[in-house]
Amino acid sequence: MLAEQIANGVVVGGLYALVALGFTLVFGLLDKLNFAHGEVVTLAGFVALVAVQLGASVWLAIPIVIVVTGLSGLLIELLSFRAFTSKEGHSVSALSSFALGIVILEVVRLEYGAAPLNLAIPTTIYTSGISILGAPIPWVKLATLGISVVLMIGLHVVVGHTRLGRQIRAVGEAPTSAMLLGIHVTRVIQYVFVVASALAGISGLLIAMQGGFVSSEVGFTFALKGIAIMAIGGMGDLRGAVLAGLLIGIAEGIAIHYGLGGFSDVLVWLVMIAVLLIRPEGLLGGGRREVRA
Amino acid sequence: MAVLRATDVHLAYGPIRAVRGCTFHLDEGETVAIVGANGAGKTTLMRGLCGLLAPADGSIEVLGGPLAGRRPDELARDGLLHIPEGRGTISNLDVLDNLRLAYEIRPTTVGFEAAIEAVFARFPRLKERSDQRAGSLSGGEQQMLALARAIVNRPKVLLVDEPSLGLSPLMIGEVFRTLREFQEAGMSIMLVEQNVVKALKLAHRAYVLRQGEIVLEGKGGELAQKTEVLEAYLGSH
Ligand SMILES: Nc1ncnc2c1ncn2[C@@H]1O[C@H](COP(=O)(O)OP(=O)(O)O)[C@@H](O)[C@H]1O
Ligand SMILES: [Mg+2]
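1. A closer look at the coordination of the magnesium ion (ligand 2)
Thinking step 1. Distances from the magnesium ion (ligand 2) to its protein donors, Thr43 of chain B (OG1) and Glu85 of chain B (OE), fall at 2.0 to 2.3 Å. Of this pair, Thr43 of chain B sits in helix H1 (residues 42-49) while Glu85 of chain B sits in the loop between strand E6 (80-83) and helix H3 (95-104), and the two are 42 residues apart along the sequence.

2. Topic: the domain arrangement of chain B
Residue and element names in this part refer to chain B.
Thinking step 1. Annotation of chain B at the domain level lists domain 1 (2-79 + 155-234) and domain 2 (88-154).
Thinking step 2. The gap between the C-alpha centroids of domain 1 and domain 2 is 24 Å.
Thinking step 3. In this complex, domain 1 contributes 19 residues to the contact, which on the side of domain 2 involves 14 residues.
Thinking step 4. Both faces combined, the contact of domain 1 with domain 2 buries some 1300 Å², and carbon together with sulfur accounts for 67% of it.
Thinking step 5. Along the contact surface separating domain 1 from domain 2 lie two salt bridges.
Thinking step 6. Between Arg122 and Glu174 there is a salt bridge, with its nearest N and O atoms 3.0 Å apart.
Thinking step 7. Among the secondary structure elements, those contributing two or more residues to the side of domain 1 that touches domain 2 are helix H2 (72-78), strand E7 (157-161) and helix H7 (169-184).
Thinking step 8. Here the element with the most residues in the side of domain 1 that touches domain 2 is H7; it accounts for eight residues.
Thinking step 9. The residue makeup of the side of domain 1 that touches domain 2, split by class, is 11 nonpolar, two polar and six charged.

3. Some remarks on the pairing of strand E4 (residues 57-62) of chain B
Residue and element names in this part refer to chain B.
Thinking step 1. When strand E1 (residues 2-13) meets E4, the two strands line up antiparallel, connected through five bridges. By the bridge assignment, Arg5 is partnered in E4 with Glu61.
Thinking step 2. The pairing of E4 with strand E5 (residues 65-66) spans two bridges and is classified as antiparallel. Its bridge partner being in E5, Val62 is matched across the sheet by Gly65.
Thinking step 3. Connecting E4 to the next strand, E5, in antiparallel fashion are two residues, including Leu63 with a positive phi near 45 degrees.

4. Quick word on the environment of Gly286 of chain A
Residues and elements named next belong to chain A.
Thinking step 1. Along the polypeptide, Gly286 turns up in the segment after helix H12 (264-278).
Thinking step 2. Gly286 sits in the partly exposed class, given a relative accessible area of 42%.
Thinking step 3. In the structure, Gly286 is positioned 44 residues away from Val242 in sequence and 16 Å away in space, judged by C-alpha atoms.
Thinking step 4. Apart from residues lying up to four places away in sequence, Gly286 is in contact with Glu281 and Arg292.

5. Describing the pairing of strand E9 (residues 205-210) of chain B
All names here are of chain B.
Thinking step 1. Counting buried positions along E9 yields five of six residues, so the element is predominantly enclosed.
Thinking step 2. Where strand E3 (residues 31-36) lies against E9, five bridges are found, and the strand directions are parallel. When the sheet's bridge partners are listed, Gly36 is paired in E9 with Leu209.
Thinking step 3. Strand direction decides the pairing type here: E9 and strand E10 (residues 213-219), joined by six bridges, are antiparallel. Residue Arg210 lies in a different strand from E10, and its bridge partner there is Glu213.
Thinking step 4. Hairpin connection between E9 and E10: a loop of two residues separates the two successive antiparallel strands, and Gln211 in this loop has a positive phi of roughly 45 degrees.

6. Quick word on the site of ligand 1
Residue and element names in this part refer to chain B.
Thinking step 1. Around ligand 1, the neighbouring residues are Tyr13, Ala18, Ala37, Asn38, Gly39, Ala40, Gly41, Lys42, Thr43, Thr44 and Arg47.
Thinking step 2. Interatomic distance of 3.2 Å between a backbone N/O atom of Ala40 and an oxygen atom of ligand 1.
Thinking step 3. In this structure, an oxygen atom belonging to ligand 1 sits 2.7 Å away from a side-chain N or O atom of Thr43.
Thinking step 4. Taken by itself ligand 1 offers 560 Å² of open surface, and the protein chains cover 62% of this.
Thinking step 5. A per-element tally of the shell around ligand 1 places H1 first, with four residues.
Thinking step 6. Its residues placed into classes, the shell around ligand 1 shows four nonpolar, five polar and two charged.

The rules we used
- Residues numbered from 1 in each chain as written.
- Chains lettered and ligands numbered in written order.
- Predicted model: local features only at pLDDT ≥ 70, side-chain atom pairs only at ≥ 80, totals over all residues.
- Heavy atoms only, no water.
- Donors = N, O, S within 2.8 Å, 3.2 Å for Na, K, Ca; no water.
- Helix = DSSP H or I, 4+ residues; strand = E, 2+ residues; numbered from the N terminus.
- Domains from an automatic or database assignment.
- Contact = heavy atoms within 4.5 Å.
- Buried area = accessible area lost by both parts, 1.4 Å probe.
- Salt bridge = Lys/Arg side-chain N within 4 Å of Asp/Glu carboxyl O.
- Nonpolar A, V, L, I, M, F, W, Y, C, P; charged D, E, K, R; others polar.
- Pairing = 2+ DSSP bridges.
- Buried < 20%, exposed > 50% of the residue type's maximum accessible area, 1.4 Å probe, protein only.
- Near = heavy atom within 4 Å.
- Polar contact = N/O pair within 3.5 Å; in protein donor to acceptor, adjacent residues only side chain to side chain.
- Areas by Shrake-Rupley, 256 points an atom, 1.4 Å probe, with all protein chains shown as cover.

Listed below in structure tokens is the structure:
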């Protein structure tokens, strides 16, 4: 039924948005694309898998994943971004982070193969839940949505209303002026990579929770859509990423409802082309590089 | 005691030496003006003093220690505030957030609210605009905001690069009044200006920079008398 597919769309859209927020934060700050971001989403699932295999409970796996993926952000920043500050640095960073993403992906594949692997998740989160407007919503979807919403609001508050957020916005707009105001620019950039990567990590966990398995494919799929959603929402605009993520998720849900499921993966790209033609700066973007909450 | 001392400093952009062998100092509580024609190297000198540009040669001491190896943000936290050419305000943050940034790196026990009251008492205009983006302010208001950051930040050393550039005579008066207040409060100020007459009137001492070299120095008032010499070095002033 339609309501169910729309509800699904909202949940998936929330996940798209979470992944897109990571891209958006980094882009808004540095004007650079972090192509390794998607593979952090993949990494998250496998870190959870390893943690569980080593005897951790699913619950303990969550903070482990957040810490490991957050730290991976530091590595990404150090290897693929720190050194490339000049104008040409933009494409170098993009290429380097692309390579780094592939390294993460291939290491995961080498160890675990390409086939999805089961994660021991209690099945009750899929079988029971609540009903909204007659649409059954299992706990897993509710939890995913709840966590996504909390993270988005949290990010909005941090970027818009805290000292770190002010520093992030200042560095995003004018790194030299920020430095002259006593802001440790490199530190702020590191924070952003940690936050963005931890967001990717949590998204990866939530994505794994949807089906109860981990797969090395998810990162790529979600990264591509994440980039599209960032472009649709407005480069650097956090609210735009959330809006675009939800719109695309819901549109996909509706497409699936009308038997156009196969079409749903094309949808985001068609929308992106259309939006860019009409509003190159994206739905909410101001067309300038800066982080906007 | 010197809070800032440059000894035979050379500053370069790649092969271009924009500042060549400058030696000068700023004493505690002193106001020193650096004047010179466009392209003389004044801004470059300021970049060197705040740690943005490492000297190609020579040495700089700030706040009682060598500058080498200290980043601009560390120096700013230690009490060296550089208000650069173009003001350095963050256009997409509102007035209050711009002031918060400046306050937060050197917070006081009195708190931000009290610090901000001092700013608003001095610049009522900024109070009216406190929730507006800095980028939406007029040039004069932006310069007020830039200077107001020094009120909440209370630096030991203030470097100001052409604060009167592009402002109306009324606003220029306001800028120099504000600098005078900073001076009276005991702040050590290094001022780069093209408005030579006003700068020399305010400054205790001044250096004249031409093509990257200091060609003249002296007490502000004395230099101001040497109109012919100044004109030769500065062009029409
Ligand atoms: N980023 C830069 N790269 C190369 N040369 C520069 C740069 N900035 C300034 N210069 C050169 O250095 C000299 C001094 O410039 P500047 O310090 O800006 O002078 P002033 O502030 O006195 O007008 C000029 O010849 C200028 O062209
Ligand atoms: Mg200049």
